[in-house]
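Coordinates in review
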Amino acid sequence: MTGSAHPPLSRRTLIGAGLGAGVLTATGAGTSRATQGATNDAPHRARAFLAAAMDGYPDHGTLRLTQSYSDQAGLFSTAFTYDNALAVLAHLTSPAGRSRAVALGDALLYAQAHDPGYDDGRLRQAYNVGPYTFYDGSPQPYGFVRPDGSANVGTQFGFTGTAVGDMAWAGLALAALARRTGQGRFLAGAVRIGEWIERTGRTDEPLGGYKFGVDGANQKLPFTSTEHNTDLVGLFGQLARLTGDRVWRERRARAAAFVARMWELSGGFFYTGTNDGVTVNKSPIPEDTQTWTHLALDSSAHSRSLDWAARELAVLDTADRPNSTVPAGQSYEGVTFSSASLTANEDAPIADGQPKPDRNGIWFEGTAHLALALRDRGARGDESRARRLLASVERAQDLLGGAQTIGGTALPAASGVVSASSPLDTGFGFGYYPYRHTGATAWYLLAAARANPLRA
């Protein structure tokens, strides 16, 4: 995500494309389970959601990925590579989740080995995992594996490109499986991902680092993202340890050097990246470049980025906010997506056919990884702040996103975290909405378990 000239559809370009998204749902009232004094079973219910999202299409084979959003989001059975990588990592936080993590890892390896157009180690942005009829009336009748054996790439929404960040997260998931299982196939898959990134993304432009990836026509994209290069710090560092090959250390250093060039010393935060490899893009400023940088770098010189995110992107969503969909009597605290989210035009839809944004909408995925980063840093007051943020996420799991489904089947009660408390404009040309989301739920589980996926 780099700049005023927005990159093409990515894992973050979700419902904002105006493709007939479903009805917003934010139901529930009363006191959440997390505040009732009872045993906190929120992680258990989060895992129940991940299981339901993985098992939504039992008639379409055991080789499968996890649907990213509830049906009401309007993306049907889309399974984003990024979300599935997070699901692997989240499943590994529980002994009971190991078999699911392995199954998802094997599905990612299958997609890598059975791409319909390439045999170079890439994964696509997203896949279909169940049947549906698209908005134009065209049928999508298959599961994750098509009749010819190829992986069912998400062509209907144009999710056919390959982003370096998505690849990095898939590599991190496979590397984690390699460590946990000792199985060589997972390390081999992670190395193939790393080599694809090196061949495709490496740039000798003045700001250096690794570029965004390729579009669906396999054309290289001009952007260079702080977020993506942060992901690579994590992936390349883990590949260096797992393989013993020093080349990964050099590649990690290259990605880390780009991230360091995005640091704004006077403000204590990281910029989003560059559009041309020469000029730093200074607006908007996203949340994830503040939290993931700490999780990957563990740099005391840059840890102020967490304070910047917690202070400058803090929001409180209540029912009396303009365009809020939070039910009366409820409130949620956390962070929003970017500096631009705070100044979104509340009188205009986020995108064609979409609702108007709430400037105080909570981005629960980001709220969870801020909580994890604060726990990881462990400075004075960090743990208490992280606990408040996680309590807000748990309350959202209890009370928001009721009556939602996966594959037409009702989700378990109070399971899964919605991506946002209310319609939220990211400032990058798309929005988040109150739909239960694999990515947000996985980040909550990682934060609850204090599991840092970017540093083994």
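All of the points below concern the structure found in this document. (Residues numbered from 1 in each chain as written. Predicted model: local features only at pLDDT ≥ 70, side-chain atom pairs only at ≥ 80, totals over all residues. Heavy atoms only, no water.)

1. What to know about helix 4 (residues 164-181)
Residues lying three or four places apart along an α-helix face the same way, a consequence of the helix completing one turn every 3.6 residues. Taking 1.5 Å per residue as the helical rise, helix 4 with its 18 residues ought to reach 26 Å, and the 25 Å between its terminal C-alpha atoms agrees with that figure. Burial analysis of helix 4 places 16 of its 18 residues in the buried class, which makes it a mostly covered element. Immediately downstream of helix 4, the backbone of Gly182 shows phi near 75°, a positive value. (Helix = DSSP H or I, 4+ residues; strand = E, 2+ residues; numbered from the N terminus. Expected span 1.5 Å × (residues − 1). Buried < 20%, exposed > 50% of the residue type's maximum accessible area, 1.4 Å probe, protein only.)

2. A word on helix 5 (residues 184-201)
Over its 18 residues, helix 5 extends 25 Å from the first C-alpha to the last, a length consistent with the 26 Å expected when each residue adds 1.5 Å. Burial in helix 5 covers these residues: Phe186, Gly189, Ala190, Ile193, Gly194, Trp196, Ile197, Glu198, Thr200 and Gly201. Each element contacted by the buried residues of helix 5 is listed here: helix 3 (98-113), strand 5 (162-163), helix 4, strand 6 (213-214), helix 6 (226-243) and helix 7 (247-261). (Contact = heavy atoms within 4.5 Å.)

3. Thoughts on the environment of Gly56
Here Gly56 lies in the loop between helix 1 (42-54) and strand 1 (78-80). When its relative accessible area of 14% is taken as the criterion, Gly56 is described as buried. Taking the C-alpha atoms as reference points, Gly56 and Thr66, separated by ten residues in sequence, lie 8.1 Å from one another. Residues within four places of Gly56 in sequence aside, it is in contact with Ile406 and Gly407.

4. Some details on the sheet that holds strand 7 (residues 224-225)
With antiparallel pairing, the three strands of this open sheet are ordered in space as 7-10-11. Looking at the sheet topology across the chains shown, the edges are occupied by strand 7 and strand 11 (280-281). In terms of strand pairing, strand 7 meets strand 10 (residues 273-274) through two bridges, oriented antiparallel. In the sheet register, Thr224 faces strand 10, and the bridge partner there is Thr274. (Pairing = 2+ DSSP bridges.)

5. Quick word on the packing of aromatic side chains
For the structure on display, the rule yields 30 aromatic pairs. When the centroid spacing of 6.0 Å and the interplanar angle of 80° are considered together, the rings of Tyr82 and Trp169 count as edge-to-face. With Tyr82 in helix 2 (residues 81-91) and Trp169 in helix 4, the pair connects residues that are 87 residues apart, well separated along the chain. Looking at Trp169, the relative accessible area reads 0%, which means it is buried. Their ring planes at 25° and their centres at 5.9 Å tell us that Trp363 and Tyr432 sit as a pair that is stacked. Of the two residues, Trp363 sits in the loop between strand 13 (331-335) and helix 10 (364-377) while Tyr432 sits in strand 17 (residues 431-432), which places them 69 residues apart along the sequence. On the accessibility criterion, Tyr432 (2% relative accessible area) is buried. Taken together, the ring pairs in this structure connect Phe76, Phe80, Tyr132, Phe134, Tyr135, Phe157 and Phe159 into an aromatic cluster. Seen from the ring of Trp248, Arg251 lies directly overhead, with NZ or CZ sitting 4.6 Å from the centre. (Phe/Tyr/Trp six-rings, centres within 6.5 Å; stacked < 30°, edge-to-face > 60°. Lys NZ or Arg CZ within 6 Å of the ring centre and 35° of its normal.)

6. Quick word on the packing of helix 9 (residues 304-312) against helix 10
If you want to describe how two helices pack, look at the angle between their axes and the distance between the axes. Viewed as axis vectors pointing N to C, helix 9 and helix 10 meet at an angle of 140°, and their least axial separation amounts to 10 Å. The pairing of helix 9 with helix 10 is recorded here as oblique in orientation. Judged by the sense of rotation from one axis to the other, the crossing of helix 9 with helix 10 is left-handed. Contact residues: Leu306, Asp307 and Ala310 in helix 9; Leu370, Ala373, Leu374 and Arg377 in helix 10. (Axes fitted to C-alpha atoms, helices over the stretch in contact; angles between N-to-C directions. Parallel < 35°, antiparallel > 145°, perpendicular 65-115°, else oblique. Left-handed = near helix turned anticlockwise from the far one by under 90°.)

7. A short note on a positive patch on the surface
On the surface, Arg98, Arg179, Arg180, Arg241, Arg246 and Arg249 cluster together into a patch of positive charge. The topology assignment puts Arg98 in helix 3. (Patch = residues over 30% accessible without salt bridge, like charges linked within 9 Å, V, L, I, M, F, W, Y side chains within 5 Å. Areas by Shrake-Rupley, 256 points an atom, 1.4 Å probe, with all protein chains shown as cover. Salt bridge = Lys/Arg side-chain N within 4 Å of Asp/Glu carboxyl O. Lys, Arg positive; Asp, Glu negative; His and termini not counted. Charge placed at Lys NZ, Arg CZ, Asp CG, Glu CD.)

8. Considerations on unusual backbone geometry
For the bond from Ser283 to Pro284, the omega torsion is -5°, close enough to zero to count as cis. Residue position: Pro284 is located in the loop between strand 11 and helix 8 (288-297). Despite not being glycine, Asn218 shows a phi value in the positive range, around 70°. Relative to the helices and strands, Asn218 resides in the loop between strand 6 and strand 7. A relative accessible area of 29% places Asn218 in the partly exposed class. For Asn323, which is not glycine, the phi dihedral falls at a positive 70°. Checked against the element boundaries, Asn323 lands in the loop between strand 12 (314-318) and strand 13.

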